[in-house]
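# Analysis of the macromolecular model
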Amino acid sequence: MTGAGLLNNNRWGVRAQFLYTGDNFTDRLIFERLRSDEYNNYSAIWGDSIPFFVNGASARQFTQNVASRLGKQILSLDPYHPYLTRLGDLDQRTHGLSNEINYQFGENTLTSVSAWREFILHPRNSLGSAYGNELEIMSTAFDTQVEQYSEELRLASPKEQELEWQVGFYGLRESIWSYRHDDYGVDSAQWFSNNIATDPALLNGVVGHQDGKATTTSFAAFGQGTWHIDEQWALTAGLRNTYEIKNGSDFGWISGFNPAFSVQQVLNAVAKAKGGVTQFDTGGQRKFNNSLAGLLNPSYRFNENILTYASLSRGEKSGAVNTNALPILDSAQNFVGFQPVIIKPEVTWDYELGAKTNWLDGKLIVNANLYWQDTYNFQTTLVNTSLVDSTGVPINNTYLGNIGHVRFRGVEFDGRWSPFERFWLTFSGALTEARYINYKNGSPPVEWRFAGGPASLDFSGTKMAGVAPLSFNVGFNYDHPLGSALSGAGFDQPVTAYTYANAAWKDTTPFANGAGTGDWLLYKVSQRPYTLVNFGVGLRTDDDRYNVFFWVKNLFDERYFTNVAVSTGGAPNTLTYGDPRWFGGTVRVRLE
């Protein structure tokens, strides 16, 4: 594997649509297949682990542990010149099929949308992905298959009348299979035992398996209507009631035992590697949930140029199924329970004020929106210390769960301006604040994980990691008719050339919880402000029957990161790159 192959983009896709038009109905069938085969499952090393904890105590570093446990030296801590062991590609496939029927039922329209979709992921990760890419300690990967079947029926009134309405039903069946496999390499036994004298054959070739499964069966009835009170006032209201059944389980086992060692010796070694966990079965768990979502949206049109609106809405995000749920063990490795397999649903209240405007005979369009969103039972990682071992000491367990309250608020705007025919200048931006209001049991940053340090930290009042406070986009689109310019090549249809460019800027993005407080973080990791430029050019026939389009993403090959992390002595500091410059083409043909 060369440096040029890492983080490559190697994708293709095909999409076909077939439309049948009858006297009072239409039927549209859509098929798509997407495939990627890429080496983008690479996390780079950018340095040794942290040298000090936040209390001033020295921290044993990763390179020291590699020398004492394995008798080796790390060859490279340079993210641009890595050494890799057994890095494979990321094989991803998506298949989809949908059919939409619209039937004119008197003045109303009856619509049926039937769909099937399948997603398959096979990551073939490096044996040293979490421990220094050149080492052969362990590869962790999740082979994933998701399959969905859905059906939507809705009946809608005609548009442009005093009362517009629609009612309907939606059904969903989703199955998720998440197969985790921890593949142990030749360095694993010495590394996890913290003993260079351990026989490397003890764990070499052993595999820890987890078979996580989740199913969701969901039924929803909904209705929404807009009452045009007069030429200025309108009121939109809607309700949706969803009944959901979720099932989840996780089952773990070990394979690849070396006959030179007893089964118990291998299980003990795996237990050291996985915090005591070897073979387990959570059993099937099931939860039922009924949720109500609603919308109230009044609007007022001052004149033909200005429309203002307000919005109040409530929604729920169903509780996630943790297909990686593990047993919880005490300090003596006694079983005390399981991590939650199915967690609580999120509840969100959203409040908005906005305006949509157009000027200069529609050549200038400017929209703006203020929003405030409160989410309760937010789904994220937390530390649970409610369980205690036989000595009365709390057991620290980190897993996916629910925290009390998160708030999102900000300002968004977008617009476009056409200074001359067929040319549009586009722009948009957002000022965003995402803050934890109630997050009392957050997982401490690594600099707080010193001996005797706190099991959890209260992040209430701090900003969320991974959210840029400011972003801005500017671009243009331009069409230029060429008439019969290709007639000399035997193609007589008139054609139009078109092009676009877009620059997207993001402000500094913090990557660790506790940023902005000045108290929690000793090592502040973030992505500096950066700009990504995309460009495309194409040619289409004026009847849109043929369309050929070429595009390039990240035109200037900006080097940016989607995550940066520091670590204690068990691993090096790592980062994840964003997509480098990549390009492709799209061909669309409409058959008649």
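To keep things clear, this report deals only with the structure shown in the data block.

## Observations concerning the pattern of salt bridges
For the coordinates displayed, the defined rule picks out 20 salt bridges. Close ionic contact of Arg15 with Glu32 constitutes a salt bridge, the shortest N to O distance being 3.4 Å. Taken together, the residues Arg15 in strand 1 (residues 11-21) and Glu32 in strand 2 (residues 25-38) connect sequence positions 17 residues apart. The salt bridge involving Arg407 is made with Glu433; its shortest N-O contact spans 3.1 Å. Linking Arg407 in strand 17 (residues 397-417) with Glu433 in strand 18 (residues 423-438), this pair joins segments that are 26 residues apart in sequence. Judged by its relative accessible area of 14%, Arg407 is buried. A relative accessible area of 17% means that Glu433 is categorised as buried. One salt-bridge network, held together by shared partners, links Arg35, Asp89, Asp91, Arg93 and Arg124.

## Let's talk about helix 1 (residues 62-70)
Along helix 1, the residues that are buried comprise Phe62, Asn65, Val66, Arg69 and Leu70. With its buried residues spanning 105° around the axis, helix 1 presents them on a single face. Against helix 2 (188-193) lie the buried residues of helix 1. Of the residues one or two after helix 1, Gly71 is the one with positive phi, at around 70°.

## What to know about the nonpolar core
Ile403, Val406, Phe408, Tyr436 and Met464 are the most contacted members of the largest nonpolar core, which has 32 residues in total. Among the secondary structure elements, those contributing two or more residues to this core are strand 16 (364-384), strand 17, strand 18 and strand 26 (573-577). When residues of this core are assigned to their parent elements, the largest contribution, four residues, is made by strand 17. Sequence-distant contacts of Ile403, defined by excluding residues within four places in its chain, comprise Tyr376, Asn377, Phe378, Thr380, Leu382, Tyr436, Asn438, Tyr439 and Asn441. With 22 residues, the next largest nonpolar core counts Tyr131, Phe192, Val206 and Val266 among its residues.

## Focus: the pairing of strand 12 (residues 306-317)
Pairing of strand 11 (residues 285-301) with strand 12, which is carried by six bridges, proceeds in the antiparallel orientation. Across the sheet, residue Tyr300 finds its bridge partner in strand 12, namely Thr308. Taking the residues between adjacent antiparallel strands as the criterion, strand 11 and strand 12 are bridged by four residues. In this sheet, strand 15 (residues 346-359) lies alongside strand 12 in antiparallel orientation, the contact comprising twelve bridges. Each residue of the ladder has a partner; that of Ser311, found in strand 15, is Glu352.

Cut-offs used in this document
- Residues numbered from 1 in each chain as written.
- Predicted model: local features only at pLDDT ≥ 70, side-chain atom pairs only at ≥ 80, totals over all residues.
- Heavy atoms only, no water.
- Salt bridge = Lys/Arg side-chain N within 4 Å of Asp/Glu carboxyl O.
- Helix = DSSP H or I, 4+ residues; strand = E, 2+ residues; numbered from the N terminus.
- Buried < 20%, exposed > 50% of the residue type's maximum accessible area, 1.4 Å probe, protein only.
- Arc of directions from axis to C-beta.
- Contact = heavy atoms within 4.5 Å.
- Core = buried A, V, L, I, M, F, W, Y, C linked by side-chain atoms within 4.5 Å.
- Pairing = 2+ DSSP bridges.

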